[in-house]
Amino acid sequence: EVPRIQLEEYCNSSAHYFVKFKRNPKGSPLDQFLEGGILSASKTLFKFRKIIKEEIKHIEDTDVIMERKKRGSPAVTLLIRKPREISVDIILALESKSSWPASTQKGLPIGNWLGTKVKDNLKRQPFYLVPKHAKEGSLFQEETWRLSFSHIEKAILTNHGQTKTCCETEGVKCCRKECLKLMKYLLEQLKKKFGKQRGLDKFCSYHVKTAFLHVCTQNPHDSWWLYKDLELCFDNCVTYFLQCLKTEHLEHYFIPDVNLFSRDEIGKPSKEFLSKQIEYEKNNGFP
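Rules used in this analysis
- Residues numbered from 1 in each chain as written.
- Predicted model: local features only at pLDDT ≥ 70, side-chain atom pairs only at ≥ 80, totals over all residues.
- Heavy atoms only, no water.
- Phe/Tyr/Trp six-rings, centres within 6.5 Å; stacked < 30°, edge-to-face > 60°.
- Helix = DSSP H or I, 4+ residues; strand = E, 2+ residues; numbered from the N terminus.
- Buried < 20%, exposed > 50% of the residue type's maximum accessible area, 1.4 Å probe, protein only.
- Expected span 1.5 Å × (residues − 1).
- Contact = heavy atoms within 4.5 Å.
- Domains from an automatic or database assignment.
- Pairing = 2+ DSSP bridges.
- Axes fitted to C-alpha atoms, helices over the stretch in contact; angles between N-to-C directions.

Participant: Looking at this structure, I do not really get the packing of aromatic side chains. What am I missing?
Facilitator: Given two aromatic rings, their pairing is described by the distance between the two centres and the angle made by the two planes. Within the structure shown, the criterion is met by ten aromatic pairs. Centroid distance phenylalanine 234 to phenylalanine 286: 5.1 Å. Interplanar angle 50°. Geometry classified as tilted. In this pair, phenylalanine 234 sits in helix H6 (residues 230-247) while phenylalanine 286 sits in the segment after helix H7 (268-283), placing the two residues 52 residues apart along the sequence. Between phenylalanine 241 and phenylalanine 261 the ring centres are 5.9 Å apart and the planes differ by 70°, which places this aromatic pair in the edge-to-face class. Of the two residues, phenylalanine 241 is situated in helix H6 and phenylalanine 261 in the loop between H6 and H7; the sequence distance between them amounts to 20 residues. The exposure class assigned to phenylalanine 261 is buried, which follows from its relative accessible area of 0%. The structure contains a cluster of three or more aromatic residues connected by ring pairs, namely Trp100, Phe149, Tyr253 and Phe254.

Next up, the structure:
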């Protein structure tokens, strides 16, 4: 948790910010990461990696290595090789209890789905900032932080029903979570199959999750997500995702001004290639 911060939006990006402190207490442990009054994302991340590197040396009975830093990524990825191979992402996040930045004002469109009360409560939660660099053409601005709302996404996915009893022991089971899992699996398999071909590595599970949340907003009623209709619901999700690829528009769920599928983010050929592959899967019963 960080003391009162002042955010300075970076280049009308709506999502990336420089972080300053309103009153920087002398002798604060964060002093060492300040660069001209700005909290340096790269310095903080460097220190974070160093701490984790030291820590994993002391782990016994497990074979853990740290993967090389991926440019522009806020994650520290650990590869655990024994007993079986899994990779774990650890992300440094600053917690701010201030009210959410103005760019989120019209975001989180869950009013008709989960209700305005739930929405108001969620917006009283803290928000997070992760050391994710903003892109400037092919360069990165290494000192920016990006807004993160993964805790809110988790809360929504946990209490996902329009009726409070959805998926509870006594309640009716829906297929929302299954649809999201299938969507993620579809993208993962295509990325596995084609690797970095045509820039498929530019797509991530967050794109799928965002599209899925929009489908939930458009279809708020639990009766549209009955478990027996899984195939139909999954098809709706895939269709929506394809539409986003075609129109090159996928609105950030919390920051409506941010288009995750803009050409600055992902080139048109990549979107066309992924569309083609998904269409093929869809038309052939997802081989």
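That shown, we press on.
Participant: Hey, could you run me through H6 in this one?
Facilitator: Because an α-helix completes one turn every 3.6 residues, residues spaced three or four positions apart along the sequence face the same direction. Counted at 1.5 Å a residue, the expected span for H6 with its 18 residues is 26 Å, and the 26 Å between its end C-alpha atoms agrees. Considering only its buried residues, H6 is in contact with helix H4 (176-194), helix H5 (205-218) and H7. Glutamate 248 sits one or two positions beyond H6 and adopts a positive phi of about 55°.

Participant: How do you make sense of the domain arrangement of the protein when you look at a structure like this?
Facilitator: Interface size is commonly expressed as the accessible surface area that is lost when the partners come together. Taken domain by domain, the protein holds domain 1 (5-91) and domain 2 (160-284). Between domain 1 and domain 2, the C-alpha centre-to-centre distance is 29 Å.

Participant: So what exactly am I meant to see when it comes to the sheet that holds strand E7 (residues 86-91) here?
Facilitator: In a beta sheet, neighbouring strands are held together by backbone hydrogen bonds and run either parallel or antiparallel to one another. One open sheet accounts for three strands, arranged E5-E6-E7; its pairing is antiparallel. Of all strands in the sheet, those with a lone pairing partner are strand E5 (64-66) and E7, marking the two edges. For this sheet the average axis-to-axis angle between neighbouring strands, irrespective of direction, equals 30°. In terms of strand pairing, strand E6 (residues 75-80) meets E7 through six bridges, oriented antiparallel. Within E7, the position partnered with isoleucine 80 by the bridge is isoleucine 86.

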